[in-house]
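Inside the fold
Below are the chains, spelled out letter by letter.
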Amino acid sequence: MAESMTILIAEDSSVILNLTKKILELQNYKILVAKNGGEVIKQVESNKIDAILMDLNIPVKSGMDCTKEIRAHENPEISQIPIIAVTGNANNYSMDDFKAAGINDYLPKPLDFDLLVKTVKKHTIK
């Protein structure tokens, strides 16, 4: 179950990051964090990650660019990680934009924590 599952949270807001981390830790997920797009790529290349919560507006490299880079990775364990976009600007994107980038699902901000848990479980529990 979730005990061995690792979630990477890519988020530059400490408040959202800490709340999200606490909620998912209560569900027995192991949490890794990345505060910018450069850290996202380093994390996925050095850890086994079961899903990514990807803020689309992170510094260095946007969440959309990170997603495209992950999808283009030659290692299928990396290129097929489920990616859940988290954004306060969902209106700027359509589901087609998300699918074209390789995003599996999305959560609007402000986060609904019940929906967060449900969505993460949907993509991590086989």
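Report follows, based on the coordinates. Note that this is a predicted model, so its numbers are computed, not measured.

Thresholds applied
Residue numbers run consecutively from 1 along every chain, following the written order of its sequence. Thresholds applied to this predicted model are a pLDDT of at least 70 for local features of residues and 80 or more for the giving and counting of side-chain atom pairs; totals over whole chains, interfaces and linings are not thresholded and use all residues. Remark: hydrogens and water are excluded; side-chain values derive from all non-hydrogen atoms of the structure. Any pair of Phe, Tyr and Trp rings, taking the six-membered ring for Trp, is counted once the centres come within 6.5 Å. Such a pair is stacked with planes under 30 degrees apart, edge-to-face with planes over 60 apart, and tilted for the rest. Think of it in three bands: with a 1.4 Å probe and only protein chains considered, a residue is buried below 20% of the maximum accessible area for its type, exposed above 50%, and partly exposed in between. Strands are runs of DSSP state E lasting at least two residues, helices are runs of H or I lasting at least four, and both sets are numbered from the N terminus onward. This arc is built from the directions going out from the helix axis to the C-beta atoms. Contacts are assigned to residue pairs that have any heavy atoms within 4.5 Å of one another. What qualifies as a polar contact is a pair of N or O atoms within 3.5 Å, subject to a donor-acceptor requirement within protein and to the restriction that residues adjacent in sequence count only when both atoms come from side chains. Between N-to-C directions, angles span 0 to 180 degrees; the directions come from axes that are lines fitted to C-alpha atoms, helices contributing only their stretch in contact. Angles below 35 degrees are treated as roughly parallel, those above 145 as roughly antiparallel, those between 65 and 115 as roughly perpendicular, and all remaining angles as oblique. Each crossing gets its handedness from the near helix: less than a right angle anticlockwise from the far helix is left-handed, clockwise is right-handed. Amino acid classes used here: Ala, Val, Leu, Ile, Met, Phe, Trp, Tyr, Cys and Pro are nonpolar; Asp, Glu, Lys and Arg are charged; the rest, including Gly, are polar. Between any two strands, pairing holds if DSSP finds at least two bridges. Salt bridge, as used here, is a side-chain nitrogen of Lys or Arg placed within 4 Å of a carboxyl oxygen of Asp or Glu.

This part takes up the packing of aromatic side chains. What the rule picks out here adds up to 2 aromatic pairs. Where Phe98 meets Tyr106, the ring centres are 5.1 Å apart and the plane angle is 35 degrees; that geometry is what we call tilted. You can call Phe98 buried: its relative accessible area is 1%. By way of ring pairs, the aromatic residues Tyr93, Phe98 and Tyr106 are connected into one cluster.

Moving on, we get to helix H2 (residues 37–46). Inspection of H2 places Gly37, Val40, Ile41, Gln43 and Val44 among the buried residues, and these make up the whole buried set. Looking down the long axis of H2, one finds its buried residues gathered within 165 degrees of arc, a one-sided arrangement. Across from the buried face of H2, at angles greater than 90 degrees, the exposed residues are Lys42, Glu45 and Ser46. Against strand S1 (6–10), strand S2 (30–34), strand S3 (51–55), helix H3 (63–71) and helix H4 (76–79) lie the buried residues of H2. The opening residue of H2, the one whose side-chain oxygen lies 2.8 Å from the backbone nitrogen of Gly38, is Asn36.

Attention now goes to the packing of H2 against H3. At a closest axis distance of 9 Å, the pairing of H2 and H3 adopts a crossing angle of 25 degrees. By the angle between their axes, H2 is roughly parallel relative to H3. Helix-helix and strand crossings are classified by hand; for H2 and H3 the assignment is right-handed. Residues Gly37, Val40, Ile41 and Val44 of H2 form the contact with H3, whose own contacting residues are Cys66, Glu69 and Ile70. Residue composition of the contact of H2 with H3, by class: 5 nonpolar, 1 polar and 1 charged.

Pairing is parallel across the open sheet formed by 5 strands, whose spatial order is S2-S1-S3-S4-S5. Taken across any chain shown, the strands that pair with only one partner, and hence form the sheet edges, are S2 and strand S5 (105–108). On average, each strand axis in the sheet is tilted by 20 degrees relative to the strand beside it, whichever way the strands run. Sheet topology places strand S4 (residues 83–87) next to S5; 4 bridges connect them, and they run parallel. Within S5, the position partnered with Thr87 by the bridge is Pro108. Taken strand by strand, helix H1 (residues 14–26) contacts S1, S2 and S3, and its axis lies near 170 degrees from that of S1. On the sheet, H2 packs against S1, S2 and S3 and is oriented at approximately 140 degrees with respect to S2.

Tallied over the full model, the rule gives 5 salt bridges. The residue Asp50 makes a salt bridge to Lys48 at a minimum N-O spacing of 2.9 Å. Residue Asp50 is classed as buried on the basis of its relative accessible area of 13%. Residue Lys61 pairs with Glu69 through a salt bridge whose shortest N-O separation is 2.7 Å. A residue is classified by how much of its surface remains accessible, and Glu69, at 35% relative accessible area, is partly exposed. Bridged by salt links that share partners, the residues Glu11, Asp55 and Lys109 form one connected network.

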